[in-house]
Amino acid sequence: FYIGLTFLASTTLIIIYVLYYFKAIISDKFFKKWYTLRKIQELNEAELSVIFGLYHSDGYTAKLDLNQPIIKGLLVRSYIYAGGSQLVTANPYTNSLPINCTLQPYVYQALTYGERKLKKRLEKLEKRIQNAKNNQKRERLQSKYNDLEEIYDTFYKENSRWTS
């Protein structure tokens with residue numbers, strides 16, 4: 001009797017562990033990029049400026065000032081990475097500490113995923129506009145298309161306001 005009860009308990013625990021493991025893999029694979037995009041959308045303009053400035057720079061790396069509170073906040077939230085050992089040079093006439101910062105891989109992967117998703121959505125809307133028979137519906141879709149195109153141009157174009 002005790003052997004059967006032990007076997008039943010251990011089998012149940014193994015099944016729960018396997019189900020939890022597969023759930024973790026699936027949620028990490030499918031929902032991490034979406035969750036990161038949502039978190040990035042909640043950032044303020046200055047933080048978005050830093051994030052998209054790094055996104056459009058070579059190697060997702062740029063020199064940033066460590067004494068800026070925005071940079072410190074992004075470092076603490078792990079959106080950017082300052083590296084392990086690097087030479088920090090202080091300017092005696094200013095209060096700046098320039099360091100090389102890199103965009104975290106999960107952030108630029110999420111931004112690339114968001115760019116592809118937005119492109120697909122624009123293409124679908126373009127097809128719907130062409131197939132629309134009602135003028136009112138066509139105008140509504142065109143308005144939605146223009147809004148999404150403005151968002152795309154603002155965030156993902158090389159010459160957007162975030163890169164200057």
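All values reported here derive from a predicted model rather than from experimental measurement.

The rules we used
- Residues numbered from 1 in each chain as written.
- Predicted model: local features only at pLDDT ≥ 70, side-chain atom pairs only at ≥ 80, totals over all residues.
- Heavy atoms only, no water.
- Buried < 20%, exposed > 50% of the residue type's maximum accessible area, 1.4 Å probe, protein only.
- Helix = DSSP H or I, 4+ residues; strand = E, 2+ residues; numbered from the N terminus.
- Pairing = 2+ DSSP bridges.
- Expected span 1.5 Å × (residues − 1).
- Bend = angle between axes of the 7 residues up to and from the residue.
- Contact = heavy atoms within 4.5 Å.
- Salt bridge = Lys/Arg side-chain N within 4 Å of Asp/Glu carboxyl O.
- Core = buried A, V, L, I, M, F, W, Y, C linked by side-chain atoms within 4.5 Å.
- 1 Å grid on protein atoms, 1.4 Å probe; cavity = no way out; pocket = protein on both sides within 12 Å on 5 of 7 lines; lining within 4 Å.
- Points joined across faces, edges and corners; volume = space filled by probe spheres on them.
- Nonpolar A, V, L, I, M, F, W, Y, C, P; charged D, E, K, R; others polar.
- Patch = residues over 30% accessible without salt bridge, like charges linked within 9 Å, V, L, I, M, F, W, Y side chains within 5 Å.
- Areas by Shrake-Rupley, 256 points an atom, 1.4 Å probe, with all protein chains shown as cover.
- Lys, Arg positive; Asp, Glu negative; His and termini not counted.
- Charge placed at Lys NZ, Arg CZ, Asp CG, Glu CD.

Draft legend 1. Examining the pairing of strand 3 (residues 98-103) more closely. With burial as the criterion, only one face of strand 3 is covered, namely that bearing Ile 99, Cys 101 and Leu 103; the residues Pro 98, Asn 100 and Thr 102 on the opposite face remain uncovered. As judged from the five bridges shared by strand 1 (residues 61-65) and strand 3, these two strands associate in the antiparallel manner. Looking at the pairing, Leu 64 lines up with Ile 99 of strand 3. Pairing analysis gives two bridges linking strand 2 (residues 80-81) to strand 3, with the strands arranged antiparallel.

Draft legend 2. A look at helix 1 (residues 2-41). Over its 40 residues, helix 1 runs 56 Å from end to end, which matches the ideal 58 Å to within 8%, given 1.5 Å per residue. For helix 1, the principal kink sits at Phe 31 and spans about 50 degrees. Buried within helix 1 are the following residues: Thr 36, Leu 37 and Ile 40. Next to the buried residues of helix 1 lie helix 2 (45-56) and helix 4 (105-131).

Draft legend 3. Representation of the sheet that holds strand 3. Pairing within the open sheet is antiparallel, and its three strands lie in the order 1-3-2. Because the sheet does not close on itself, it has two edges, and the strands there are strand 1 and strand 2.

Draft legend 4. A look at the pattern of salt bridges. With the rule as written, the count across this model stands at two salt bridges. Ionic pairing is found between Glu 42 and Lys 39, a salt bridge with its closest N-O pair at 4.0 Å. A residue is classified by how much of its surface remains accessible, and Glu 42, at 56% relative accessible area, is exposed. One salt bridge connects Glu 47 with Arg 77, and the closest N-O pair in it is separated by 2.3 Å. Here Glu 47 is found in helix 2, whereas its partner Arg 77 is found in the loop between helix 3 (69-76) and strand 2, with 30 residues between them in sequence. With a relative accessible area of 37%, Arg 77 lands in the partly exposed category.

Draft legend 5. Spotlight on the nonpolar core. Counting residues in hydrophobic clusters, the biggest one holds 31 residues, and the most contacted among them are Ile 51, Ile 80, Leu 103 and Leu 111. Among the secondary structure elements, those contributing two or more residues to this core are helix 1, helix 2, helix 3, strand 3, helix 4 and helix 5 (135-156). It is helix 4 that provides the largest number of residues to this core, a total of seven residues. Every residue in contact with Leu 111, bar those within four places of it in the chain, is listed here: Leu 37, Ile 40, Ile 51, Phe 52, Tyr 55, Leu 103 and Tyr 156.

Draft legend 6. Representation of the layout of surface pockets. When its volume is computed, the largest pocket comes out at roughly 420 Å³. Forming the boundary of the largest pocket are 16 residues, of which Leu 37, Gln 41, Gly 114, Leu 118 and Tyr 156 lie nearest the centre. Going through the elements one at a time, helix 1, helix 2, helix 4 and helix 5 are the ones with two or more residues in the lining of the largest pocket. The class makeup of the residues in the lining of the largest pocket is eleven nonpolar, two polar and three charged.

Draft legend 7. Representation of a negative patch on the surface. Together, Glu 123, Glu 126, Asp 147, Glu 149, Glu 150 and Asp 153 line one region of the surface with negative charge. Elements with a contribution of two residues or more to the negative patch: helix 4 and helix 5. Element by element, the count of residues in the negative patch is highest for helix 5, at four residues. Within the element layout of this structure, Asp 153 appears in helix 5.

Draft legend 8. Region of interest: a positive patch on the surface. Together, Lys 117, Arg 121, Arg 128, Lys 137, Arg 140 and Lys 144 give the surface a local cluster of positive charge. Those elements that provide at least two residues to the positive patch are helix 4 and helix 5. Locating Arg 140 in the fold gives a position in helix 5.

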